[in-house]
Amino acid sequence: MLIGRPVDVKSSEITPESLYVNRREWLASAAAGAVALSVFGPAARAQDPQPVGRPFGLQPDDKPTPWQDVTTYNNFYEFGTDKSDPAQNSKNFKPLPWTITVDGMASKPGKFQLEDFIKPSTVEDRIYRHRCVEAWSMVIPWRGIPLADVIKRAEPLASAKYVAFTTLMDPSRMPGQQLGVLDWPYTEGLRLDEALHPLAFLATGLYGRTLPNQNGAPVRLVVPWKYGFKGIKSIVRMTFTDKQPKTAWNTQTPNEYGFYSNVNPAVDHPRWSQAKERRIGEFLRRPTLPFNGYADQVASLYAGMDLKKNY
Ligand code: MTE
């Protein structure tokens, strides 16, 4: 991100029927994937959890990234700027109890405890592709609920056009906030129609388990057709507004990180190409797909927009 360059990593809303993998095939392919990965990178370890969930928008050669990588190769600047920092420095973070404020242009604003905001009985498991602006990618089994569910409950006013998200601000619990690397608290935003898209997801878990601190506990955003930095972690506030919200990375470096942040292999980052990506655990780079492979489901949201300007 801030310091970022592409890293040289060593170490249809309904998925088309042809790409749907049933659980038996899935486990077999995951096992085969583990063998292949062990040649080029970290394999799943025996004690790691198995991926669970319905694959959304996966390509035939997408295999879930091992738990070990998903939980130790993270960006979460509240806990440090190196990829290994969040796992190390968030160990003592206690996310519960957690209150989420819903405010702004909505008929039903309020303050909610996490378990009322996202009822544990309503969560589902989904496996999504994840593409970082730094040109690496993963395949991640998330647990959570569609973002649209909580938005509809809040009943946004017709005049609301966007939803803004804010991360917890507490430098005593998030030591990275004691440094001026970003304009804290971390913020993000989506246009309301993007936020209501059935793929936009609020995650409270990973690999069928509670969300680890470093992945954004207790609740974070997942927008699979956008660069990973849209996936704001440890959310404490959602605000409905008629103005395009400010976002952490756009505020920090406006010429590098736009509001839309759709994965677009045709638009280079000012300092590197976005045409290819390195899947964590793989050796060769693979071509990056428009909208991270979700184009058939989301491209219509941007019809008529110049995506070179609205990057
Ligand atoms: N959210 C907060 N609050 N702080 C951050 O530093 N980093 C973003 C995003 N959300 C970040 C954040 C970036 S740059 C990425 S790539 C993703 O989180 C990483 O999510 P992951 O750890 O699940 O891979």
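Residues numbered from 1 in each chain as written. Predicted model: local features only at pLDDT ≥ 70, side-chain atom pairs only at ≥ 80, totals over all residues. Heavy atoms only, no water.

Peer 1: Looking at this structure, I do not really get the pairing of strand β5 (residues 136–146). What am I missing?
Peer 2: Consecutive residues of a regular strand have side chains that alternate between opposite faces of the sheet. Where burial is concerned, most of β5 is hidden: 10 out of the 11 residues are buried. Alignment of strand β4 (residues 124–131) against β5, held across eight bridges, turns out to be antiparallel. Each bridged residue has a counterpart across the sheet, and for E124 the counterpart in β5 is G144. In this structure, the hairpin formed by β4 and β5 is closed by a connection of four residues, where A135 is found at a positive phi of approximately 75 degrees. (Buried < 20%, exposed > 50% of the residue type's maximum accessible area, 1.4 Å probe, protein only. Helix = DSSP H or I, 4+ residues; strand = E, 2+ residues; numbered from the N terminus. Pairing = 2+ DSSP bridges.)

Peer 1: Explain the pattern of salt bridges here, please?
Peer 2: Where charged atoms from two side chains of opposite charge come close, those side chains can pair. Under the definition given, this model contains 22 salt bridges. Here D48 and R45 are joined by a salt bridge, their closest N and O atoms 3.4 Å apart. Notably, a salt bridge pairs K119 with D116, separated by 3.9 Å at the nearest N-O pair. (Salt bridge = Lys/Arg side-chain N within 4 Å of Asp/Glu carboxyl O.)

Peer 1: Is there a simple way to think about the sheet that holds strand β6 (residues 162–167) in this case?
Peer 2: On the basis of which strands lie adjacent, the open sheet formed by five strands has the order β3-β2-β11-β6-β7 and mixed pairing. Each having just a single partner strand, β3 (110–113) and β7 (187–191) make up the two edges of the open sheet. Strand after strand, the sheet turns through a mean of 20 degrees between neighbouring axes, direction not considered. Sheet topology note: the strand β2 (residues 99–104)/strand β11 (residues 235–241) ladder contains four bridges and is parallel. (Axes fitted to C-alpha atoms, helices over the stretch in contact; angles between N-to-C directions.)

Peer 1: Where do I start with the packing of aromatic side chains in this structure?
Peer 2: Each aromatic ring pair is characterised by the separation of its centres together with the angle its planes make. Counted by the stated rule, this structure contains 17 aromatic pairs. With a centroid separation of 5.6 Å and an interplanar angle of 80 degrees, the aromatic rings of Y77 and W249 are classed as edge-to-face. Here Y77, found in the loop between α2 (67–72) and α3 (85–89), pairs with W249, found in helix α7 (residues 248–252); they are 172 residues apart in sequence, far enough to count as distant. The class for W249 is buried, based on a relative accessible area of 2%. A centroid spacing of 5.4 Å and a plane angle of 70 degrees characterise the contact between W249 and Y257, whose relative ring orientation is edge-to-face. Ring pairs connect the aromatic residues Y77, Y227, F229, W249 and Y257, which therefore count as one cluster. Just above the ring of F56 sits the side chain of R126; from NZ or CZ to the centre is 4.5 Å. Across from the ring centre of F259, 4.3 Å away, lies the NZ or CZ of K230, which sits over that ring. (Phe/Tyr/Trp six-rings, centres within 6.5 Å; stacked < 30°, edge-to-face > 60°. Lys NZ or Arg CZ within 6 Å of the ring centre and 35° of its normal.)

Peer 1: What is the right way to read the nonpolar core from this model?
Peer 2: Grouped burial of nonpolar side chains is what soluble globular proteins tend to show. Among the nonpolar cores identified, the biggest contains 72 residues, and L147, W225, M238 and F240 are the most heavily contacted of them. For this core, the element with the most residues is β5, which contributes five residues. Those residues within four positions of W225 in sequence are excluded, and the remaining contacts are E194, H197, L199, A200, N262, V263, F291, N292, Y294, V298, L301 and Y302. (Core = buried A, V, L, I, M, F, W, Y, C linked by side-chain atoms within 4.5 Å. Contact = heavy atoms within 4.5 Å.)

Peer 1: I keep staring at the side chain of Q274 and nothing clicks. Help me out?
Peer 2: Turning to its location among the elements, Q274 is positioned in the loop between α7 and β12 (276–279). A distance of 2.9 Å separates a polar atom in the side chain of Q274 from a polar atom in the side chain of R131. (Polar contact = N/O pair within 3.5 Å; in protein donor to acceptor, adjacent residues only side chain to side chain.)

Peer 1: Would you mind showing me how to read the site of the ligand here?
Peer 2: Around the ligand, a shell composed of 18 residues is seen, among which N74, Y77, E78, G231 and K233 lie nearest. For the ligand, an oxygen atom lies 2.8 Å from a polar atom in the side chain of N74. Contact between the ligand and E78: a nitrogen atom at 2.8 Å from a side-chain N or O atom of the residue. Bound to the protein, the ligand loses 100% of the 530 Å² it would expose on its own. (Near = heavy atom within 4 Å. Areas by Shrake-Rupley, 256 points an atom, 1.4 Å probe, with all protein chains shown as cover.)

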